[in-house]
Amino acid sequence: MTDSSIHQNPSAVSTDGPSLPPRRPPRRTRRSVLIIDAIANWTITIGGLGVILAVFGIMVFLAEVVWPLFSGSHVIAQSQARLEGAASDVLTEIVDEYRTIVVSVERNGEVTINHLATGRLIKTRKFEIGERKVTAFARTLNGESVAIGFDDGSLRLGRIKIETAILKPSDVPGGLTELGRGDRTDSEAVYSAIEGDQVRRIAVSVDLDEPQPIAPEGTALVALDFRLGGAAERPTRSFVSIDASGAIRLSRLETKRSLLGGISGKATVNSTDLPALPAGTQVASILMTSLADQAYVVDRAGTMIRYDTRATQKPSLAERTRITPEGVGVTTLGFLVGEESIVVGGADGSVNVYFRLQRSGSDTADGFVLVKTHELERHAGEVVAFGASPR
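All residue numbers here refer to positions counted from 1 along the written sequence of the relevant chain. For this predicted model, a pLDDT threshold of at least 70 governs which residues receive local features, and a threshold of 80 or more governs which side-chain atom pairs are given and counted, while totals over whole chains, interfaces and linings are taken from all residues. Hydrogens and water are ignored here; the side-chain numbers use all heavy atoms of the structure.

(A) Highlighting the pattern of salt bridges. We define a salt bridge as a side-chain nitrogen of Lys or Arg found within 4 Å of a carboxyl oxygen belonging to Asp or Glu. Summed over the entire model, instances satisfying the criterion amount to 17 salt bridges. The salt bridge involving E319 is made with R306; its shortest N-O contact spans 3.0 Å. Placement of E319 in strand 20 (residues 316-322) and of R306 in strand 19 (residues 303-308) is noted, with a sequence separation of 13 residues between them. Grouping residues by exposure puts E319 and R306 together as buried. One network of salt bridges, in which partners are shared, links R159, D207, D209 and R237. A run of H or I in DSSP counts as a helix once it spans at least four residues, and a run of E counts as a strand once it spans at least two, with each numbered from the N terminus. Note on classification: 1.4 Å probe, protein chains only; a residue is buried when its accessible area is under 20% of the maximum for its type, exposed when over 50%, partly exposed between these limits.

The structure is reproduced here in C-alpha cells:
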C-alpha cells in the first residue's frame with residue numbers, strides 16, 4: 001500500500017489510542033449569586049467588627065464602674081435640717097428606703113415622724129408604756145422590730161412598720177400640705193410623685209406586745225440585744241439581757257402561729273443564766289448573733305467578754321480580751337451585715353473591726369479568738385453612734 005492510498009482511505013487510520021473528552025461550553029456564575037456572596041462577606045465583616053467593638057465597649061464600661069473604687073471618694077452634696085419636735089434623749093432613728101422620712105424613738109415612748117429633707121414634723125405616735133421607765137433598748141438591723149427593757153425587770157417587744165403604697169393620682173386625698181422637694185402630707189402620710197404618673201404613699205404605724213418578766217420584779221434591765229428567727233408558723237425572738245444586779249440571761253420567746261393567719265397559743269419565754277460577769281463590770285454594751293450562739297459584753301474600760309452559747313443548757317465564758325488601748329473606753333458596738341464583723345468605736349475616735357477566728361493552740365474555751373482585722377481612719381472626736389446598712 002502506497003502513501004497516497006493511505007491519504008485516500010482515512011478509514012485505514014488506527015483508532016486504538018485514548019480518546020479526548022468532549023468539550024463543554026464555558027460556565028458563568030449568575031449575577032444573583034455574586035450579589036448574595038458579596039452581601040454575606042460584608043455582613044460577616046461588619047458583624048465581626050461589631051462584636052469586637054461591643055467587647056471593647058463592655059471593657060470600657062467595667063473600667064468606668066470599677067475606677068471609683070481606686071480613685072477615692074468625695075462628697076457630691078450635703079444638706080442639714082433640724083427635726084421639728086425632736087427630743088434630746090433619742091433611742092434610735094430609722095430612715096425609709098426612699099430617704100423620704102426619718103422615724104425617731106424617744107425614751108418616753110414617743111415615736112416622731114419627720115420629713116427628712118426639711119425636718120418638718122409629720123406625725124407623733126407613741127408606744128403605750130404606762131408609768132414604766134425605759135432602761136434598756138435594742139432593735140434589729142432594719143429597725144422594724146424593737147425590744148424595750150424597763151425598770152421593773154420586764155421587757156416588751158414592738159414593731160415600727162414603714163408602709164409603702166403606690167397610688168393613682170385620683171386616689172390621693174385633697175387638701176395636702178406642701179413639704180418641699182415635691183413631697184406633700186395630710187399629717188398622716190407623705191405623698192411623693194414618681195414616674196409613670198403615679199404617687200408613692202409612705203406611712204408609719206407602731207404596736208407593742210404585752211410585757212414579759214425577765215429579771216426579778218423590781219430589778220431594772222440595764223443592757224439588751226434582740227434578734228428574730230424561727231419559721232413563719234413558729235417565729236422565735238431571742239434576746240440577751242443584763243439586769244441591775246449584774247445577772248446576764250439568754251432568753252427565747254416563742255409564739256405559735258396558724259398557717260391560716262392569727263396567733264394560736266400564748267407566747268412562752270425560756271431563759272438561761274449565763275456565767276456571771278466578773279465583779280465590778282460596768283457594762284457599756286451587749287451584742288448577740290441571730291442564731292443566739294454567741295453573746296458579747298463590753299465594759300466601759302474596753303474589755304470584751306465573749307460567751308459561747310451554742311449549747312444553751314451549758315453556756316460558757318469563752319474569752320476575755322481587751323479591744324481598746326489602756327485608758328480608752330468603748331463608746332459604740334455593733335455588727336455589719338452577716339454578723340461576722342464586729343465594729344468597735346472608741347472614746348479616742350477609733351473605729352476598728354474584729355472577727356471571731358479559729359486559732360490552733362489558743363487558750364480560749366472554744367478555740368476561737370477575737371482578731372482585729374481592720375483599722376479605719378480615726379475621727380477627731382469620740383464615736384458616739386454607729387449604723388450599718390442592711391444591704
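(B) Representation of the packing of aromatic side chains. Only Phe, Tyr and Trp rings are paired, with Trp represented by its six-membered ring, and only when their centres lie within 6.5 Å; those with planes under 30 degrees apart are stacked, over 60 edge-to-face, the remainder tilted. Under the defined criterion, the tally for this structure stands at one aromatic pair. Measuring from centroid to centroid gives 6.1 Å for Y296 and F335, while their planes differ by 80 degrees, and the two rings are edge-to-face. You can see Y296 sitting in strand 18 (residues 294-299) and its partner F335 sitting in strand 21 (residues 330-335), a full 39 residues away along the chain. Comparing Y296 with F335 shows no difference in burial state: the two are buried. Working rule: Lys NZ or Arg CZ, within 6 Å of ring centre, within 35 degrees of ring normal, means a charge sits over the ring. Above the ring of F150, the side-chain terminus of R132 is found at 5.9 Å from the ring centroid.

(C) Inspection of a nonpolar patch on the surface at higher detail. Residues qualify for a patch when their relative accessible area is over 30% and they have no salt bridge, like charges being joined within 9 Å and the nonpolar side chains of Val, Leu, Ile, Met, Phe, Trp and Tyr within 5 Å. The method behind every accessible area is Shrake-Rupley, applied with a 1.4 Å probe, and residues are considered shielded solely by the protein chains displayed. Together, I58, F61, L62, V65, V66, W67, L69 and F70 line one region of the surface with nonpolar side chains, adding up to about 910 Å² of accessible area. In this structure, W67 sits in helix 2 (residues 31-71).

(D) Inspection of the sheet that holds strand 23 (residues 351-358) at higher detail. Strands sit in the order 21-22-23-24 across an open sheet of four strands; the sheet is antiparallel. Among the strands making up the open sheet, the edge pair consists of strand 21 and strand 24 (368-375). Neighbour to neighbour, the strand axes of the sheet diverge by 30 degrees on average, direction disregarded. In this analysis, strands are considered paired if DSSP registers two or more bridges between them. For strand 21 and strand 22 (residues 341-346), the ladder comprises five bridges, and the chain directions are antiparallel. To define axes, lines are fitted to C-alpha atoms, for helices over the stretch in contact only, and angles between the resulting N-to-C directions are given on a 0 to 180 degree scale.

(E) Broad picture of the sheet that holds strand 19. On the basis of which strands lie adjacent, the open sheet formed by four strands has the order 17-18-19-20 and antiparallel pairing. This sheet does not close on itself; its edge strands, each paired only once, are strand 17 (283-288) and strand 20. The average angle at which neighbouring strand axes cross in this sheet is 20 degrees, direction not considered.

(F) Spatial organisation of helix 2. Between its first and last C-alpha atoms helix 2 spans 59 Å; for 41 residues at 1.5 Å apiece the expected length is 60 Å, and the two agree. Note on bend: at a given residue it equals the angle between the axes fitted to the 7 residues ending there and to the 7 starting there. The principal kink in helix 2, of about 30 degrees, is found at V65, preceding the proline P68 by one to four residues. The first or second residue beyond helix 2 is G72, which carries a positive phi of 85 degrees. Here the expected span of a helix is defined as 1.5 Å times the quantity of residues minus one.

(G) Quick peek at the environment of E163. Relative to the helices and strands, E163 resides in strand 7 (residues 154-167). A relative accessible area of 39% places E163 in the partly exposed class. Each residue touching E163, except ones within four places of it in the same chain, is listed here: R201, I202, A203 and S205. Working rule for contacts: check all heavy atoms of both residues, and any pair within 4.5 Å makes them a contact.

(H) Seen up close, the nonpolar core. I101, V103, F127, I148 and I160 are the most contacted members of the largest nonpolar core, which has 21 residues in total. Elements supplying a minimum of two residues to this core: strand 2 (101-106), strand 3 (110-115), strand 5 (134-139), strand 6 (145-150) and strand 11 (198-208). If one sorts the elements of this core by residue count, strand 11 sits on top with four residues. With near-sequence residues (within four places) excluded, I101 lies in contact with I94, V95, D96, I113, N114, L116, I162, V190, I202 and V204. Core analysis: the next-biggest nonpolar cluster, separate from the first, contains 15 residues, I248, A292, A295 and V297 among them. Residues grouped as a nonpolar core are buried Ala, Val, Leu, Ile, Met, Phe, Trp, Tyr and Cys residues, joined through side-chain atoms within 4.5 Å.

(I) Just the side chain of T272, in detail. Secondary-structure assignment places T272 in strand 16 (residues 268-273). For T272, a relative accessible area of 19% translates into the label buried.

(J) Looking closely at unusual backbone geometry. Despite not being glycine, R181 shows a phi value in the positive range, around 60 degrees. Topologically, R181 is positioned in the loop between strand 8 (177-180) and strand 9 (183-185). Of the residues examined, R181 reaches a relative accessible area of 64% and is grouped as exposed. We note that D197 has phi near 55 degrees; this positive angle belongs to a residue other than glycine. Here D197 lies in the loop between strand 10 (189-194) and strand 11.

(K) Quick peek at the side chain of R237. When you line up the elements, R237 lands in strand 14 (residues 235-243). Using a relative accessible area of 10% as the deciding quantity, one classes R237 as buried. Polar contact is the term for a pair of N or O atoms within 3.5 Å; when the atoms are in protein, one must be able to donate a hydrogen and the other to accept it, and sequence-neighboring residues count only if both atoms are side-chain atoms. Of note is the side chain of R237, whose polar atom sits 2.9 Å from the side chain of D209. Discounting chain neighbours no more than four positions away, the residues touching R237 are L157, R159, D209, F226, R227, L228, S251, R252, L253 and T255.

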